[in-house]
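A look at the structure
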Amino acid sequence: MGNKSSLLLREEEIAQIHEETGFTPNQIERLYSRFTSLDRNDCGTLSREDFLRIPELAINPLCERIVHSFFADSNDDRVNFRQFTRVLAHFRPIKPNKENRLNSREEKLRFAFKMYDLDDDETISRDELLNILQMMVGANISQDQLNSIAERTIVEADTVGGGKISFEDFCRALERTEVEQKMSIRFLN
């Protein structure tokens, strides 16, 4: 390739990232190029501010939750390239006979579940659901309608009766949804 970004990734790193994420070496180099363009300070990591400068992300109503997902495994509010690719791997389309743990149906569901689980307590409460609904629809729906949707969702999904949705409840509620397709982005074709 000859460009700056391809020179900084060693073959063994590319092989390890490929093994972990399922991205091809070419896709990894393209992601690395994007990563380095976001890394304005050339420090090898990204901050929350670096992500917020992405226009397509900044306009997404769930921007804060999406950015938060990149930092779930970070101890210092910085994301390195490997962490970056692990999160993006959740959005790789699933290919028949090429199972990868990070973009399996269960991992895609777990990722989506964490978008709603604002306090990271492994359940989705009515307030968390209401908060996410408000982020998604803004002022387009009345507060009464949002309350009704949140309440009905909790009642229908909560199998234990504790007023919260567990990960198992979440999976059951989405059992007929093609999560594999809905949570796939063809961003490297």
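Residues numbered from 1 in each chain as written. Predicted model: local features only at pLDDT ≥ 70, side-chain atom pairs only at ≥ 80, totals over all residues. Heavy atoms only, no water.

In terms of helices and strands, the protein chain carries 12 helices and 4 strands. Across its three principal axes, the protein chain shows a C-alpha extent of roughly 55 × 40 × 30 Å. Looking at the protein chain residue by residue over its 189 residues, the buried ones come to 41%. Counting only contacts in the protein chain whose residues sit at least 6 apart along the sequence, the fraction spanning at least 24 positions is 56%. If you sum the accessible surface of the protein chain, you get close to 11,300 Å²; carbon and sulfur atoms cover 49% of it. (Helix = DSSP H or I, 4+ residues; strand = E, 2+ residues; numbered from the N terminus. Buried < 20%, exposed > 50% of the residue type's maximum accessible area, 1.4 Å probe, protein only. Contact = heavy atoms within 4.5 Å. Areas by Shrake-Rupley, 256 points an atom, 1.4 Å probe, with all protein chains shown as cover.)

Taken from the UniProt record, the annotation "domain: EF-hand" (unreviewed entry) applies to residues 26-61 and 104-139. Between the C-alpha atoms that bound residues 26-61 the distance is 31 Å, and the span itself is 61% helix and 6% strand. (UniProt positions renumbered as here; feature names shortened; annotations may be inferred.)

Two elements in contact, helix H2 (residues 11-21) and helix H7 (residues 81-89), have axes separated by 10 Å at closest approach and are oriented at 30°. Here H2 is positioned roughly parallel relative to H7, judged by the angle of their axes. Considering the relative orientation of H2 and H7, their crossing is right-handed. Between H2 and H7, the residues in contact are Gln 16, Ile 17, Glu 20 and Thr 21 and Phe 81, Arg 82, Thr 85, Arg 86 and Ala 89, respectively. When grouped by side-chain class, the residues that make up the contact of H2 with H7 number 3 nonpolar, 3 polar and 3 charged. (Axes fitted to C-alpha atoms, helices over the stretch in contact; angles between N-to-C directions. Parallel < 35°, antiparallel > 145°, perpendicular 65-115°, else oblique. Left-handed = near helix turned anticlockwise from the far one by under 90°. Nonpolar A, V, L, I, M, F, W, Y, C, P; charged D, E, K, R; others polar.)

Let's shift gears to the packing of aromatic side chains. Counting across every chain of the model gives 13 aromatic pairs. When the ring of Tyr 32 is compared with that of Phe 81, the centres are 4.8 Å apart and the planes differ by 85°; the resulting orientation is edge-to-face. You can see Tyr 32 sitting in helix H3 (residues 25-38) and its partner Phe 81 sitting in helix H7, a full 49 residues away along the chain. Aromatic pair Tyr 116 and Phe 170: ring centres 6.0 Å apart, planes at 55°, arrangement tilted. One end of the pair, Tyr 116, is in helix H8 (residues 105-116); the other, Phe 170, is in helix H11 (residues 167-173), and 54 residues separate them in sequence. Given a relative accessible area of 21%, Tyr 116 falls into the partly exposed group. By the ring-pair criterion, three or more aromatic residues cluster together here, those being Tyr 32, Phe 35, Phe 51, Phe 70, Phe 71, Phe 81 and Phe 84. Note that Arg 92 overlies the ring of Phe 23, its terminal NZ or CZ placed 5.8 Å from the centroid. (Phe/Tyr/Trp six-rings, centres within 6.5 Å; stacked < 30°, edge-to-face > 60°. Lys NZ or Arg CZ within 6 Å of the ring centre and 35° of its normal.)

Attention shifts here to the environment of Lys 95. Counting through the fold element by element, Lys 95 comes out in the loop between H7 and H8. Spatially, the C-alpha atoms of Lys 95 and Ile 185 are 13 Å apart, while their sequence positions differ by 90 residues.

Our focus in this paragraph is the pattern of salt bridges. Under the criterion given, the structure shown has 12 salt bridges. Residue Glu 20 pairs with Arg 86 through a salt bridge whose shortest N-O separation is 3.1 Å. Placement of the pair is Glu 20 in helix H2 and Arg 86 in helix H7, with a sequence separation of 66 residues. Given a relative accessible area of 29%, Arg 86 falls into the partly exposed group. (Salt bridge = Lys/Arg side-chain N within 4 Å of Asp/Glu carboxyl O.)

This part covers H8. The first and last C-alpha atoms of H8 sit 17 Å apart over 12 residues, in line with the 16 Å expected at 1.5 Å per residue. Those residues of H8 lying buried are Glu 107, Lys 108, Leu 109, Phe 111, Ala 112, Phe 113 and Met 115. (Expected span 1.5 Å × (residues − 1).)

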